[in-house]
Structure formats: C-alpha cells, structure tokens
Amino acid sequence: MPTIKDIAAKAGVSHGTVSNVLNKRGNVSAEKIQLVERIAKEMGYKMNVQAQQLRAGTARRVCVIVPKISLKCYNDLYTGLEQVLREHDISIELISTNNLERDEEKAVKKALSLNPMAVVVVSSLLKNRGVFTPDTRFFFAERKVKGMPENSVYISFGFEQAGRDIALKCIGDGHQNVALLCENSIYSNNKSFMNGVVDVLEDDNCSCKLFPGDDSMWFNKAFDILGSKEEFDAVIAMSQEDADYLKAAHQYNPDKKMPVIYALTSKRIGIDPDVCRYELNYKLMGRNIAGQIIHAGGEDAEAAPAKKQQIIMENDGFYEKSLPSAGKKESICFLTIQNLTSKAIGMLLPSFTRETGIEVNMIEVSYDEHYKMAQTCVQNSPYDLVRIDMAWMTELGDKIYRPFDGSSSSVQWLRQQILPSLSENYSMVHGIQYAFPLDACVQILFYRKDLFEDELIKREFFEKYKRRLEIPKTFEEYNEVARFFTRKENPDSRTRYGAVTSYGRTFLAACDFLPRFRELKKDIFDARGNVNILIPEMKQAVRNYLDTCRYAGSAVYQWWGEPTRQFSEGSTAMHIVFSNYASEMIHNPESKVVGRIAYDTVPGGQPLSGGGSVGISRFSKKCDACMSFLQWLYRKDIAETITYLGGYVCNRQISRNMDILERYPWLENMEKSFEPGWRLYKHDRNPDFNEFLFEDILGKAIRSIASGIEGMDDALEKAQAECEQAFNR
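Residues numbered from 1 in each chain as written. Predicted model: local features only at pLDDT ≥ 70, side-chain atom pairs only at ≥ 80, totals over all residues. Heavy atoms only, no water.

In the annotation of an unreviewed UniProt entry, the protein chain is listed under the name Transcriptional regulator, LacI family and assigned to Hungatella hathewayi DSM 13479.

Below, the structure written as structure tokens:
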C-alpha cells in the first residue's frame, strides 16, 4: 500500500501537508486538499484508523459487552449508545458473552487491549476478579458486580419498584393465582424484581409460583406454565421474549385458557393486545451512558476525576390503560385541517372506537376552507370538536369553544400530558382555557450536516469569505451561506440551491418572511396603536428576503410539503420549515438526506409558532364523548404512535421515546425550540387588529414583490392602505 511519503512525492507537496489533509487538520488550501485527496484515491491509500488512534493515545472507541445482543433490551441499549457515539465519530466494538463468566473475562481482556475510552458491560460476573481495572472507565448496566472499580458507574432501573407495580396491577385486575416466569436470581436486577413481585403478592395472600430458568429454557418453562394443573389466571414475565414464548406455546394447545400476561419489556411503539406491558427505556439508558462517556472525554475530564456513581433511571411503567366503554353507541364529529397529524389520527381511530364504542367522523379540510368553516362555527356548529389555527385563537377561541373546567380531574390530567411551554398561546383566551394544543409546531432551520462538516467545503468557504463556515445566526449570514451553496453563484457547489423560499400563497409568504422582520426588533404598531408597515425595517427585511429568493429555485410552492421534498432530494443546502412538516424529509422515498441533516434555531432567533388547537364546540351536547376522545388522543401510547407516523401530538413524554427520536431527532428539544416561538401581534389600543387578516395582507405584498409583479414600494403602500381600512379606524 502507498505511504504518505509516496503521496507527497506524487503530489509535489510536503509530508506534513499530506498528513494534515488525511487527518483533517491544519491550515491547508482547498486546492491542495483536492489534490492530495485525488492522488490518495488514485494510489489506493487506506487510512489505518486503529494505528492513528493508538498514536493519539486512547482510541475513540467504546466496547460494549452484553449477554445476548438478540434480546431486545440489550439490542436497544446498544442502539441508544450507537446513535449518540456515531455523531461524535466514536466507534463501537460489540461482544456477546452468552451469560458465561469465562467468555466475559475473555471479552473484557479483549476490550482492554483495544485501549477504549470506556467499556459498557451487562455483567455475568457476581464479583470483580481483577478483570475490571481502574485504568479504564467501566459502566455497569442493569447488574451490580461486587468490587466495581472506584471510577465506575452503575446505571439501572427501579427493578424492585417495577415488580411491585406489576404485582399491584395483577391484584387490582382481580388475579389470585400467579405464575412468575423469572430469570436467574443470582443477578441483582432479577433478584430485585422478583422480591418486589413476591412481597406484594404474599402480602395480599395471592398464590405465586416461580418458574426460574435462563434464556435457553424459556420456551420449556412456558409449556410448564400452560401445562400446569394449577390453572394460573395470570403470568408475570421478565421480558418481551418470555411473553412471546408463552403466546407461541399456547398455539400448540389453543383450547387451554390463556392466562393474562404481564411483561417487563424494553420500550417500543405499538400495542400488543395480548400483553400488558411495563416498559423500561433501554435506548434512553444507552444515550445517557453515551452522554457521560462523551462528557468524560471532553476538555474538563482531567480537572474533574471520575468517581464511582450510581444512577437509577425512572421506569416508564405501564404502556397505558384503555378507556372505559361509553356503554352505548355514540358518534362525534371532528373538524380539522388536512395534514400529517390528521392522517395519522385517522389511521388510529378504529382503535378508539373499539375501546369506547364511540365513532368519530373526522372532517379534514384544506387551510383555505378551514378558516371559513371555523368562522361559521361561531353562530352554530354541527361539529363537536373543532381544530383551529393557533393564530386565530384570540379571534375565535372564546366564540367557538366552551371553556374547560380547570377543577376537573380529566382536564388536570390532560394538562399534565402536554408540554408546559405551550399552554397559554394555544389554550387560553383572556386567562380562560378553551382548548389544548394539537399539532403545535415552530419554524426550524434544517441544513445539510454532511456539507457543513466537509473539510474541503469549509476551506473553500473560508478562502471566499474570510470566515469559518458555521450555522447562520442572522439572516445576513444565512444569505451569504445560501449564496455559497448556489451553483449559479458558485460553480463548485455540491447543491443546486442554497435555500428554499415559499410564497405561492399569502399565508406561506407571510410566514416565510416575518422572522426576517422580527429579527430587526421592530413592532408593526406605532405609538397610537395603528399598524404601520411603511418603515425602514420592513423594507430592510424585504430586501433580505429578495436576496434569499436569488439563491432558491424558481418554483413557486403552494404548500410547505413541496419545498421540504425538494430539500430531502438533495438539491438544497438549507431549509426553514415548520417542524410538523419536517417528517416529509424522512417519509419521502426519494430522500437523499436521511442521516445527513441537522437542525438549529432559525436565524435571528425569532421563529414563528404554528399548528393548531382543539376544543369542544359550545354547541355540542356530547361533552363526555369529546373528553374521552381528548384523553385517548393525548395518551402517551396514542401520541407516540401518531408522532411516529409523521404527525405530532405534544405529549411531554415523546422526547423520551428513542424510536421516535431516531426517526425525527429534532423532536428531542421541542420544548426548547418552542420557547422563542411567537405568532400573535397584540396592542391594547387596536381592538380591530386581526392576525389572520394581517398575514393575508402582508403575504399578498411579499408574494407580489417576490414574483416581480410589483416593486417593493408600490406593494407595501397598497398593503398599508388595506391595513388602514381594516385596522386603523
């Protein structure tokens, strides 16, 4: 294989230049980066990553040792680790031990020979026999080991509490004769769980028979339970696999009555009607461990020596219980906008009807129709539930909805499910709650991470603009970056366009434009409360928007899904869009950016809030059925499934669901993303002001200017005249 010296000789550059290029460091020109990379590729040079890491000291590697990777809990633990470590260019070495002590000792020795940053282990050893050394940071997951090193971390769940919770539910459901399909009690987590179950059942004089065994015997034990003469009315299983074996064994004797199954499982999406799941979030455990490893490897690692820690994570608990049946057949009518959230709700509605007996007739309409239909609901409404845009809340909320009783336990429960930062703008009018946020969203900047992190691109940008390529914090910076990534401005650009603009409809144009105006910290109201858009800051923002249009394609988009698909297909470097349309990037089968995108706050720090709220019509006579629907909609399992399908229901637990975050990583920090969001202009001296109408007026002007139909001055003057007539009377 060619050496660095060979490449340097052929390229006519120094040995140090080649080393800097291959190791992605140093101040090397874009021209030389291209030259060295091309020659290295032509000569078939392959970087020896392991040798590179050994020269640097500790390798950027984490070793993970588990009993069996085929078990969902350990697969999820690994996945949670890998998702975070991959983002920091840290590799993972995975070793399985089959719960054999001898194999684990060999695995630890192999791991230590790789000089890793850390070792994560679900240990089969009860005692440290000298293999777990203090020279390496060990993370002991789930199982305690006697004699763990002083700098180690023990991280687990509340297994005893899980056992107690499941046993209490068993008793509450009326079961008296329980089988416990349990794993080896020599391990601390299993022992704690079994103690929790047995203590509760014995205190209540319930019969509890243990069926212990390792994973190789689970299928046999399942047959033993179902074939027992004791006729168990419930089985408590310690894993999803245990529950699956019970169901499989029952297939061979279908006439035998199947006991109710309660299972301790790793968290996952979806309902299993045959199993009452009690969930532990192993993916989140993996992410938490990865976070600690990265933090320990940072700049402050030497200043703060590692100490022994014990972390007990919160149990996610039962997957949610079904709602009580309405007792009689009933139907309710729900008016909403047609979007990804309504599509997902529609897919799940049969499960609501099956649970409660209540049928839901969901009417989905376009945005244009939606406002007109919502206005008609002020005088008389055929709908029991109505979704309105949050921008219309102050105008229509108290006229369409009946207020919620804050002392009601159902209302208090709903409040507890929702992100607290959303309550006021999406729910309240004059301090009274009329609705709950439904498909709440906020504008987010999405960008091509692979482009922003490319060393050659970064060097080219620096040579052109004499500053580093960074995520734009202002719209002036945004336009500069967009220009760099636009091929007609920069023939070497990897993308055709730097940005996307959406002004095909008036409200799209207004939403696309307004964050630029808000960045300038100027209000639309003058001192008397009149709307005034003929101000220098408005014109400055328009000029900025026109600059952005130069670095976007010529297509005029009528809805946010279209430009989002364009971004996902790889032709654009950056895209600002409401978060509830961002899932299009993942769902588009032609997407070329999965795994290559990152996100940040909108430049200027003034993103628009969007989405809508749902409440009960003041004309509805079916309030109990409507409340049942709302309780179902905001329930954790339903909210998670809707979100996984591409919609969004703002349940605060969504940020703990690693399956969702793996698909839609921007949802992890939604509460923080919502904080700077705004939408409603208000002024005490202008009671005639209407947000929806203002956005329509301003949007017409922006659309006309961006399309080249009118000049800026003429369009803004026409818009000001409309504002005078509508608001300044």
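**Observations concerning the confidence of the model for the protein chain**
Keep this limit in mind: As a per-residue quantity, pLDDT reports the predictor's confidence and falls between 0 and 100. The criterion used for residue contact is that any of the two residues' heavy atoms lie within 4.5 Å.
On average, residues of the protein chain carry a pLDDT of 90, and 92% of them reach 70 or more. A low-confidence stretch, residues 49-57 (pLDDT under 50), is modelled with 10 contacts involving residues beyond four sequence positions or located in other chains. Between residues 299-304, whose pLDDT stays under 50, and residues either more than four places distant or in other chains, the model counts 1 contact.

**Description of the sheet that holds strand β2 (residues 91-96)**
Stated precisely, the cut-off is as follows: Note on pairing: DSSP must find at least two bridges between two strands before they are called paired. Under the DSSP-based scheme used, a helix requires at least four consecutive residues in state H or I and a strand at least two consecutive residues in state E, with every element numbered from the N terminus. For every element, the axis is a line fit to its C-alpha atoms; helices are fit only across the contacting stretch, and the angle between N-to-C directions ranges from 0 to 180 degrees.
Pairing in this open sheet of 6 strands is parallel, and the strands run β2-β1-β3-β4-β5-β11 from one edge to the other. Of all strands in the sheet, those with a lone pairing partner are β2 and β11 (309-313), marking the two edges. Strand-to-strand twist of the sheet, defined as the mean angle between neighbouring strand axes without regard to direction, takes the value 15°. As defined by bridge partners, strand β1 (residues 61-66) adjoins β2 across 6 bridges and the pair is classed as parallel.

**Notes on the pattern of salt bridges**
When the charged atoms of two side chains lie near each other, side chains of opposite charge can form a pair. The condition is simple: What makes a salt bridge here is a side-chain nitrogen of Lys or Arg within 4 Å of a carboxyl oxygen of Asp or Glu, nothing more. Three labels apply to residues, based on accessible area from a 1.4 Å probe with only protein chains included: buried if under 20% of the type maximum, exposed if over 50%, partly exposed otherwise in between.
All chains considered together, the criterion is met by 41 salt bridges. Linking arginine 277 and glutamate 279 is a salt bridge whose minimum nitrogen-to-oxygen distance equals 2.8 Å. Across the pair, exposure class does not vary: arginine 277 and glutamate 279 are buried alike.

**Here's the deal with the state of the cysteines**
Quick reminder of the rule: Two cysteine sulfur atoms form a disulfide, by the criterion used here, when they sit within 2.5 Å.
Taken as a whole, this structure holds 0 disulfides when the rule is applied. Here cysteine 73 stays unpaired: no disulfide links it, and the sulfur of cysteine 182, its closest cysteine neighbor, is 16 Å away. By relative accessible area, which is 16% here, cysteine 73 ends up buried. Cysteine 723 forms no disulfide, and the closest cysteine sulfur to it belongs to cysteine 511, at a distance of 16 Å.

**Points about the sheet that holds strand β13 (residues 330-337)**
In spatial order, the strands read β14-β13-β15-β23-β18; together these 5 strands make up an open sheet with mixed pairing. Two strands bound the open sheet, and with one partner strand each, they are β14 (358-365) and β18 (436-437). As paired elements, β13 and β14 share 8 bridges and run parallel to each other. Its bridge partner being in β14, isoleucine 337 is matched across the sheet by valine 365. Strands β15 (385-389) and β23 (612-616) of the sheet are contacted by helix α14 (residues 393-400), whose axis makes an angle of about 170° with β15.

**Examining the packing of aromatic side chains**
Our working rule: When two rings of Phe, Tyr or Trp (its six-membered ring) have centres within 6.5 Å they constitute a pair, described as stacked for plane angles under 30 degrees, edge-to-face for angles over 60, and tilted for the intermediate range. By definition, being over a ring means that NZ of Lys or CZ of Arg is both within 6 Å of the ring centre and within 35 degrees of the ring normal.
Counting across every chain of the model gives 43 aromatic pairs. Ring plane angle 90° and centroid distance 5.0 Å describe the contact between tyrosine 278 and phenylalanine 318, whose orientation is recorded as edge-to-face. One end of the pair, tyrosine 278, is in strand β10 (residues 275-280); the other, phenylalanine 318, is in strand β12 (residues 317-318), with 40 residues separating them in the sequence. Residue class for phenylalanine 318 comes out partly exposed when judged on its relative accessible area of 23%. With centroids separated by 4.1 Å and ring planes inclined at 35°, the aromatic side chains of tyrosine 367 and phenylalanine 507 adopt a geometry described as tilted. Residue tyrosine 367 is located in helix α13 (residues 367-376), and its partner phenylalanine 507 is located in helix α20 (residues 506-519); the two are separated by 140 residues in the primary sequence. It is lysine 169 that lies over the ring of phenylalanine 318; its NZ or CZ is 5.7 Å from the centre. Taking NZ or CZ as reference, lysine 464 lies 5.9 Å from the ring centre of tyrosine 465, over its face.

**Some remarks on the side chain of glutamate 691**
Which entries qualify depends on this criterion: Under this rule, positive means Lys or Arg and negative means Asp or Glu; His and the chain ends count for nothing.
Note that glutamate 691 resides in helix α28 (residues 691-706). For glutamate 691, which is buried and forms no salt bridge, the nearest opposite charge comes from arginine 679, at a distance of 4.7 Å.

**Remarks on unusual backbone geometry**
Its identity is not glycine, yet asparagine 115 carries a phi of approximately 55°, on the positive side. Residue placement: asparagine 115 occurs in the loop between α6 (101-113) and β3 (118-121). Overall, asparagine 115 belongs to the partly exposed group, its relative accessible area being 31%. Here the phi dihedral of glutamate 231 falls at roughly 50°; this positive angle occurs in a residue that is not glycine. Within the secondary structure, glutamate 231 is located in the loop between α9 (218-227) and β8 (234-237).

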